[in-house]
Each structure stands twice: as structure tokens, then as C-alpha cells.
Amino acid sequence: MPPTLSILVRNRDFRRLFSADLIGLGADWFVQIPLLSLLLQLTGSGAWGALILAADVGVIALLQPYAGVIADRFDRRRILIIAEVAMAVATLALLLVRTAATAWLAVAAIAVIAVAKAFFVPAASAALPNVVDAEDLPAANALSGSAWGTMLVVGASLGGIASALFGPYWCFAASSALCFLSAALVAGVRRPLQAARASKPEIGEAVRYIRRHPRVASLVTVKAAVGLGNGVLTTFPLLAAAYGVGPLGVGLLFAARGLGALIGPFVLRRVLSHPAWLLPGLAVSMSVYGLTYMAVSAAPWFPLVLVGVVLAHLAAGGNWMMSNFALQTEVPDELRGRVFATDILFALLSVGVSQLIVGAFVDRVDPRVLIAACGAVTLVYAIGWAAVTTRQRPAVS
């Protein structure tokens, strides 16, 4: 058995936490793909889809300063369980979205789900080094990094197919049940998910720590490059319509995104064993994302679009995994939740800004033009970030 997979056999607690993450992520995508297609069908506008995506990331971003403190102050196991249960209940509200007049209910439900995810994500990222032994942390990160992509492939593909066959409302009910199952798995984790605390965490403490450590500051800003290019997701429903592939095409686009994110952490895991490669690797991965989406904007056939989306998100998935690993190994446990919250804050604010801007133009501008613009923004950010961090590379440890 490959060493990366053997940790699932050897470590019961990681297996349960990883399985809960897989199921929860799959439930999330099993909701979003049918919902995006449903809103386009009910309202006839891509703007509602943009609003859904922006509400999802925007709420998460705004809550990160508080979520990080909660993750460092309270029992992370309870945080994860409560978050999953809240997502399960909020997902059921989507059953009420039946007409254009009730589209706002979808935004409200997604906002509540986003609140739960806002507290789940930093708690889960901060908890990972406490669940595995130090020598297993690279493998655990590769697997955890691939979980998002794995379930985007599965959730997006099945979500598109199930929505076409049975309708979106069956998907919403199934997603709610999956969230309850995820909560039950987390409840069975035995290892403590954080070390004992000598004092109560404060928001400002993490900010001061980041300011004193330029390398950490670089790491918490790296995900923003891909985030600024994530407005491309807003164009997916209209892009699929332009190629004549409908809801199934939307599912395939998101599945291609997930496949790339699944492969990326495994392809780029070798970078974790060569610290001097880390910052250059992050810069290259950002650049590949931008260049590939610029190429996607000119692709004449839908299959080529799918290949480009896979490649772009292979780079993005590796980028996320590499920066997470570096933060987990360098930041002490008592600050880890707040530093990860800051990391997520920068990443998701950039995603939200990108999606809102693209959403403002998505009904009036060719989606290919918007895709090219998003790719160019990421490429420019990558070049600037690489220039700023060049002097830090010899100090990587």
C-alpha cells in the first residue's frame, strides 16, 4: 500500500476525520451544482448564481477573525460537530426554493451554511497536526488537500446527474442526511484536537505574530492569487449553455475543477520534502492557474475546456496543500486556528471580490472574455508575489 494511503489504515482518528471531511464536502457540492442550475432555470439570470457563490465565500471570509479565536479557545471537536449539524438543517431550507420570488431563500440558506463552514474550516485545519504523528503530516496533508477535489468530482458529477434525473430537491434532502453522518463520524474521534491552553486567545495576537514573521505573512497571502481568478466559476453555467451542454455540462466543469484539485496535492507533494522549492513552487502554481485559464478562454471545443480546467485546478490544489503544510509546521498550536483563519480570510475575500465583479458583467459580457480577464489577474498577482518573496527563499526550513 502506498505510504500516503497507509495512514488511513494505521490511524483510526485520522480516518474518521478524513471520512467526515469527504462526506461533508461531497454534500456541499451535491447542493451547489443543482442549486446553480435551478436558479438559472427559475430566474433566467446568471446573477443569482454569482450571488450564491459570493454569499458563500463572503460570509466565511467576514467571520474568520472570530472563527479563528473560537478554534483556538474551544473544543475543536464540538465546533466541527455543531457546524455539520447546522449545515444539515440549513440545507433543508432549500426545499422551499420553488419560484423566482423565493430565490432569496436560497441566498439566505447558503449564507447560514457558510456561517457553519466559516467555523468548521479553521478548526479542521488547525486540528490536523494533533490527529497524526509528525512524520505522517505530509501524507495527511496530501490526502486532506485531495479531499476537496475528490468530493468536487464526485459531488459535482453526481449532483449534475442526479439533478437531471430526479430534480434538485432530492439532492438537497440527500445532502442534509450526509451532513448528519459527517457529524457522527467526528463525534467518534478520540484524540484531543488541540493542546492545553495557558491563556485565552485574542484576535490581535495572531496579527502581531504574522507581522513579526515575513515568511508566514507570505504564506497567508498566497491563496489570494487563485482567489482573485475564481470569478471564472460564475461563468460556468453560461459557458456550458454557450457550448450547448446544459446542466450536465455545468456539473462536468465543476467536476473537472475537482479532478484537478484532487490530483494536484499528490503531484506536488514532493515539494514538501524540499523546503527550498516551496516558495518558488507556490509562485509557479499560481502562474500556471492564470495562464491556463487564459488558454481556456480561447478553446474552440468543450472537451478542451475541461482539460484546461483540470490543469488550472491541479495547480490550485497543489498551491493550497503546500501553503497549508507550511503553516501547520511553522505556526504553534495555540496560534494555529487564528493564523489559518487569517489565511482563509485573505483567500475568500479575494474570491468574493472576484465573483461579485464578474457577476456584475456576466449577463452582458461574453464569458470567454471574463475568463481571460480572471486568468490575467492571477498571473499578474503571481509575478508580484514572486518578486516580493524572492529574498525569503533561502530562509525556507
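Description of the structure in this document. (Residues numbered from 1 in each chain as written. Predicted model: local features only at pLDDT ≥ 70, side-chain atom pairs only at ≥ 80, totals over all residues. Heavy atoms only, no water.)

1. A few points about the overall build of the protein
Here comes step 1: When helices and strands are counted, the protein shows 16 helices and zero strands.
Here comes step 2: Taken over the C-alpha trace, the protein has a radius of gyration of 20 Å; the compact-globule value for 397 residues is 21 Å, and the two agree within 12%.
Here comes step 3: By principal-axis analysis of the C-alpha atoms, the protein measures approximately 55 × 45 × 45 Å.
Here comes step 4: Taken across its 397 residues, the protein has 58% of its residues classed as buried.
Here comes step 5: For the protein, restricting intrachain contacts to residue pairs at least 6 apart in sequence, the fraction spanning at least 24 positions comes to 86%.
Here comes step 6: When the accessible surface of the protein is split by element, carbon and sulfur atoms take 71% of a total near 15,500 Å².
Here comes step 7: When the 28 basic and 18 acidic side-chain charges of the protein are each reduced to a single mean position, those positions are 1 Å apart. (Helix = DSSP H or I, 4+ residues; strand = E, 2+ residues; numbered from the N terminus. Rg over C-alpha atoms; globule rule 2.2 N^0.38 Å. Buried < 20%, exposed > 50% of the residue type's maximum accessible area, 1.4 Å probe, protein only. Contact = heavy atoms within 4.5 Å. Areas by Shrake-Rupley, 256 points an atom, 1.4 Å probe, with all protein chains shown as cover. Lys, Arg positive; Asp, Glu negative; His and termini not counted. Charge placed at Lys NZ, Arg CZ, Asp CG, Glu CD.)

2. Focus: the packing of helix α12 (residues 246–267) against helix α14 (residues 302–330)
Here comes step 1: For the pair α12 and α14, interaxial distance at closest approach is 6 Å and the crossing angle is 40 degrees. Looking at the two axes, α12 sits oblique to α14. In this structure, the crossing between α12 and α14 has a hand that is right-handed. Every residue of α14 that contacts α12 at Gly249, Leu252, Leu253, Ala256, Arg257, Leu259, Gly260, Ala261, Ile263, Gly264, Pro265 and Val267 is listed here: Phe302, Val305, Leu306, Val309, Val310, His313, Leu314, Gly317, Gly318 and Met321. (Axes fitted to C-alpha atoms, helices over the stretch in contact; angles between N-to-C directions. Parallel < 35°, antiparallel > 145°, perpendicular 65-115°, else oblique. Left-handed = near helix turned anticlockwise from the far one by under 90°.)

3. Topic: a nonpolar patch on the surface
Here comes step 1: A contiguous nonpolar surface patch, about 840 Å² in accessible area, is contributed by Val154, Leu158, Ile161, Leu165, Phe166, Trp170, Leu248 and Leu252.
Here comes step 2: Contributions of two or more residues to the nonpolar patch are made by α6 (137–166) and α12.
Here comes step 3: No other element matches α6, which puts five residues into the nonpolar patch.
Here comes step 4: Looking at Phe166, the relative accessible area reads 59%, which means it is exposed. (Patch = residues over 30% accessible without salt bridge, like charges linked within 9 Å, V, L, I, M, F, W, Y side chains within 5 Å. Salt bridge = Lys/Arg side-chain N within 4 Å of Asp/Glu carboxyl O.)

4. Observations concerning the packing of aromatic side chains
Here comes step 1: What the rule picks out here adds up to five aromatic pairs.
Here comes step 2: Arranged with centres 5.1 Å apart and planes meeting at 65 degrees, the rings of Tyr289 and Tyr293 form a pair that is edge-to-face. Taken as a pair, Tyr289 and Tyr293 lie in helix α13 (residues 278–296) at a separation of four residues, close to a single helical turn.
Here comes step 3: We classify Tyr289 as buried; its relative accessible area is 0%.
Here comes step 4: When its relative accessible area of 1% is taken as the criterion, Tyr293 is described as buried.
Here comes step 5: Across the ring face of Tyr243, the terminal group of Arg368 is positioned such that the distance to the ring centre comes to 5.2 Å. (Phe/Tyr/Trp six-rings, centres within 6.5 Å; stacked < 30°, edge-to-face > 60°. Lys NZ or Arg CZ within 6 Å of the ring centre and 35° of its normal.)

5. Considerations on helix α3 (residues 47–73)
Here comes step 1: With 27 residues, α3 should reach 39 Å at 1.5 Å per residue; the first-to-last C-alpha distance of 39 Å fits that figure.
Here comes step 2: Taken as a whole, α3 carries its principal kink of about 60 degrees at Gln64; the proline Pro65 stands between one and four residues after it. (Expected span 1.5 Å × (residues − 1). Bend = angle between axes of the 7 residues up to and from the residue.)

6. Remarks on the nonpolar core
Here comes step 1: Counting residues in each nonpolar core, the largest one holds 107 residues, and the members touching the most others are Phe14, Leu35, Leu253, Tyr293 and Val339.
Here comes step 2: Broken down by element, this core gets its largest block of residues, 14 residues, from helix α2 (residues 12–43).
Here comes step 3: Setting aside chain neighbours within four positions, we find Val339 in contact with Ala206, Tyr209, Ile210, Val216, Val220, Leu327 and Val331.
Here comes step 4: Listed in part, the nine residues of the second largest apolar core include Val57, Ile344, Leu345 and Leu348. (Core = buried A, V, L, I, M, F, W, Y, C linked by side-chain atoms within 4.5 Å.)

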